[in-house]
Each structure stands twice: as C-alpha cells, then as structure tokens.
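# What the coordinates show
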Amino acid sequence: MTNTTSNEIKQLDSDYIAQTYGRFNLALSHGKGCQVWDFEGNEYLDFTSGIGVNSLGWADEDWLNAVVHQASSLAHTSNLFFTEPSSRLAKKLAEASGLKRVFFANSGAEANEGAIKTARKYSHDKYGKDRATVLTLVNSFHGRTISTLSATGQEVFHQHFFPFTKGFDHTPANELRALETRLGQKDVCAIILEVVQGEGGVCSLDHEYLQGVQALCHQYDALLIIDEVQTGVGRTGTMFAYQQFGLTPDIITLAKGLGGGLPIGAFVLGEKVQDTLGKSDHGSTFGANPVSCAGANAVLTKIDDTFLAEVKRKGEKLQKALAALPKVKSVSGLGLMIGVEFEEGTKAADVVVKCIEKGVLFLTAKTKLRLLPPLIINDEQIEKGIAVLKEVLEA
Ligand SMILES: *Cc1c(COP(=O)(O)O)cnc(C)c1O
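Residues numbered from 1 in each chain as written. Predicted model: local features only at pLDDT ≥ 70, side-chain atom pairs only at ≥ 80, totals over all residues. Heavy atoms only, no water.

The name given to the protein chain in an unreviewed UniProt entry is Acetylornithine aminotransferase, and the organism recorded there is Haemophilus paraphrohaemolyticus. The Catalytic activity (unreviewed entry) comment attached to the protein chain in UniProt states, word for word, "N(2)-acetyl-L-ornithine + 2-oxoglutarate = N-acetyl-L-glutamate 5-semialdehyde + L-glutamate". (UniProt positions renumbered as here; feature names shortened; annotations may be inferred.)

Given below as structure tokens:
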C-alpha cells in the first residue's frame with residue numbers, strides 16, 4: 001500500500017493534465033475482476049470496463065501471466081523483425097473472422113485510418129482518381145484524429161479544428177434509398193459503419209438495412225468496412241457483431257476490447273483487399289507491440305463458444321431486468337453492450353453520479369445510460385448492479 005490519497009491525484013491532474021475530460025469525482029487505485037477500489041479503500045462494482053476495454057475484467061490471471069512473460073522476454077522491437085505474439089494473433093483474428101490479413105495499430109482511430117487508406121488505394125489502383133469518398137452514417141463515431149473526426153457523422157465533432165479532411169460524406173442510418181442515391185454519384189470507394197452505434201447511443205441498425213447495404217456495396221464495388229472497435233471481440237455475444245447480421249465485410253476494424261486492457265488496434269483485410277497495401281504503404285512504430293499482442297492472444301484464447309453463449313445469456317438477463325425498472329422508457333443494444341433510455345425528467349448523467357455514490361460504476365452514451373460490463377461479470381454482480389440502479393431510480 002502507498003500513502004497516496006485521491007485528493008493528491010485529483011490535484012496533480014488539475015495542475016498538470018490537459019483538461020479534456022469531464023471526469024467523475026473518483027480516482028481509481030486497483031482492481032480485480034469486476035471490482036475496483038479507490039485510494040481510500042472504497043470498493044466499486046464496474047459496469048464500464050474502461051469503455052469496453054477490460055473484457056476479462058482487471059488482473060485476469062492468464063492474461064497477466066501472458067503479459068508479464070512477454071514483458072520480461074521481449075517487450076518491444078521494431079516491425080523490421082518477425083515476432084511471435086503478432087503472428088499468432090493475426091492467425092486467430094483471420095480464423096475468427098474468415099478474413100485474410102491483419103495490420104496492427106494502437107487504437108481504434110488508427111485502425112479506421114488504416115482501413116480508409118486501404119479503401120482509397122484499392123479504388124485508386126482499380127479506377128484511378130476521383131473515387132475517394134468514404135461514406136459513413138449519421139450518428140456514427142469513428143475516432144478523434146483529424147480524418148476520423150471527418151468520418152464521424154455527428155456535427156458536434158465538426159467544430160474548432162478546421163480544415164477537416166476532405167472526402168467524407170454522411171448518409172442516414174436505416175435509409176437504404178438515401179444510400180443508393182448517394183452511391184449513384186459514383187465517387188464512393190467505401191462505406192464504414194458500426195452495426196451497433198456505440199457512442200451514438202447504443203443503436204442497433206436494422207438487419208434488412210445492413211443486408212441492403214451489403215448488396216449495394218457489391219453492386220457499386222464500394223468496400224464494406226465494419227467498425228467493430230466497440231462491438232468486437234465478444235462484446236455482443238458473438239466474436240464480431242456483424243456475424244449476427246449475415247454480413248461478409250471487406251475490412252473490419254478492432255481496438256477497445258482486443259487487448260484486455262492494453263493499447264492495440266487492428267484492421268483485418270478480406271480477400272479483395274488483402275494485397276492492396278504493399279511494402280512501405282503503411283506502418284506504425286508501436287503497432288504489433290509484443291506485450292499488447294500477448295495480452296490480446298490471452299483474451300482471444302478465452303473467448304470460445306461457451307464464453308460467448310454466457311455473454312449472450314447475461315446480456316439478455318441484464319436487458320430484461322433493466323426494462324422492468326421504474327422510469328425506464330426503452331432498452332437497446334446487443335449482448336453486454338446496452339443502452340437505457342429514461343422517461344423525461346430522469347437524466348442518465350445524474351443517475352450515474354448517484355450510482356457511484358452507492359458503489360456502482362455506469363457510463364452514459366448521449367442521453368442514455370450505457371452498460372459495458374467486463375464480459376466475465378457474474379449473475380450476482382448483475383443483480384447487485386440492478387438493485388443499486390433500482391434504489392437510485394426509486395429515490
Ligand atoms: C472508441 C471508438 C473508436 C475510437 O477508438 P480510439 O481507440 O479511442 O481511437 C472508433 N470507433 C468506435 C466505434 C469506437 O467506439
């Protein structure tokens with residue numbers, strides 16, 4: 001134990017950290033499984049998993065062993081050498097997705113950047129210039145770099161930082177006719193979408209719409225890129241969320257839950273684009289970092305059919321319990337990625353603050369309450385979270 005206090009940490013943050021985050025009034029010290037403690041020893045139950053990152057909770061033993069072993073043998077080397085963890089991880093991702101090749105990056109935004117570069121090069125190689133537009137959906141979220149901000153289909157992100165990267169356009173979700181009209185302009189090389197829009201408020205897209213998007217992508221030879229940064233790696237009850245919608249994407253992008261708590265991003269390339277990027281077309285110093293990849297290998301080893309069936313079951317149990325709570329207007333989402341819309345007069349942000357005071361951590365997404373618990377959460381913990389939420393909503 002150290003003598004650190006929460007107040008000391010908060011003061012340092014306020015003095016020295018760029019103030020870009022509206023943090024909750026809570027400094028975290030250490031965690032185990034779904035439980036986490038502050039510096040004064042107060043315990044909290046976690047329904048956030050670091051925004052869908054700590055898929056196995058904190059300090060999973062197999063994950064920890066893999067990471068410690070890798071850190072003590074080969075923590076980093078450049079991509080000029082072959083390494084074992086990234087090679088093994090790439091095989092796992094290709095087999096799990098049915099796609100062909102993987103590029104490793106460090107974050108979701110970078111994974112999307114790489115997918116965008118691949119789409120533009122695919123189109124340029126095949127059709128030449130002026131076919132570089134990347135379509136995304138209204139209400140989407142694809143990252144915070146200057147280009148992925150352009151990709152993000154929410155006006156609030158298109159302020160202050162002009163000029164934004166050109167070559168992006170947005171089309172309304174679940175409106176196939178609008179997409180067809182837009183593709184008819186013949187300047188589109190790809191469409192990027194989340195099958196469940198996370199930051200946009202945990203909104204699942206319609207099955208029929210997604211099928212229609214895929215058919216139109218084939219018709220116009222536009223690449224179908226699925227952003228699985230939040231939905232991927234077991235979060236929705238299948239390895240990847242698109243697998244529940246009968247889709248065969250050309251590229252998927254991954255990050256959040258992949259490393260089990262370590263920074264890693266990836267884009268996985270299907271047959272059509274597996275050789276689009278050649279030598280020196282793309283790179284990343286920290287990409288394919290052996291420690292991050294070792295953590296990701298440990299995560300993927302755990303996520304088998306039995307594990308996924310449990311995610312599904314627990315997700316359904318949570319959704320049902322949430323729908324029965326007072327002041328709840330609707331529940332959305334898939335697996336353990338859940339949004340709760342409250343009746344008028346109940347603000348999700350206030351609910352989250354009150355729940356923290358009672359020892360349970362939740363998130364928000366736009367005006368909704370959002371739940372992204374560690375995938376290993378157990379029934380008792382689910383029941384406790386629901387009980388605290390009920391208490392807060394009834395007060
Ligand atoms: C979080 C998120 C991103 C951005 O990931 P970073 O690792 O923060 O760059 C991109 N797409 C989706 C769908 C996300 O949820």
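After presenting the structure, the write-up continues.
Let us now look at the sheet that holds strand 7 (residues 188-193). Taken in spatial order, the seven strands of this open sheet run 4-12-11-10-7-5-6, and their pairing is mixed. The open sheet has two free edges, formed respectively by strand 4 (101-105) and strand 6 (168-171), since each of these has just one partner strand. With strand direction ignored, the average angle separating the axes of adjacent strands in the sheet is 20°. Of the pairings in the sheet, the one linking strand 4 to strand 12 (residues 265-269) comprises five bridges and is antiparallel in character. (Pairing = 2+ DSSP bridges. Helix = DSSP H or I, 4+ residues; strand = E, 2+ residues; numbered from the N terminus. Axes fitted to C-alpha atoms, helices over the stretch in contact; angles between N-to-C directions.)

With that settled, consider the site of the ligand. Taken together, Ser-107, Gly-108, Ala-109, Asn-112, Phe-141, His-142, Gly-143, Glu-194, Asp-227, Val-229, Gln-230 and Lys-256 form the complete shell of residues around the ligand. Measuring from an oxygen atom of the ligand, one finds a side-chain N or O atom of Gln-230 at 2.8 Å. Protein contacts shield 81% of the accessible area of the ligand, which totals 390 Å² for the unbound molecule. Counting residues per element, the shell around the ligand draws most heavily on helix 5 (residues 108-127), at three residues. Looking at the shell around the ligand, its residues break down into three nonpolar, six polar and three charged. (Near = heavy atom within 4 Å. Polar contact = N/O pair within 3.5 Å; in protein donor to acceptor, adjacent residues only side chain to side chain. Areas by Shrake-Rupley, 256 points an atom, 1.4 Å probe, with all protein chains shown as cover. Nonpolar A, V, L, I, M, F, W, Y, C, P; charged D, E, K, R; others polar.)

Turning our eyes to something else, we now look at the pairing of strand 2 (residues 35-38). Where strand 1 (residues 28-32) meets strand 2, four bridges bridge the pair, whose relative direction is antiparallel. Along strand 2, the bridge assignment pairs Gly-31 with Val-36. Count of turn residues in the strand 1/strand 2 antiparallel hairpin: two residues, of which Gly-33 carries a positive phi of about 60°. Relative to strand 3 (residues 43-46), strand 2 is paired through three bridges, and the arrangement is antiparallel. Looking at strand 3, one finds that Trp-37 is bridged to Glu-43. Between strand 2 and strand 3, which pair antiparallel one after the other, the connecting turn spans four residues, and Gly-41 there sits at a positive phi close to 90°.

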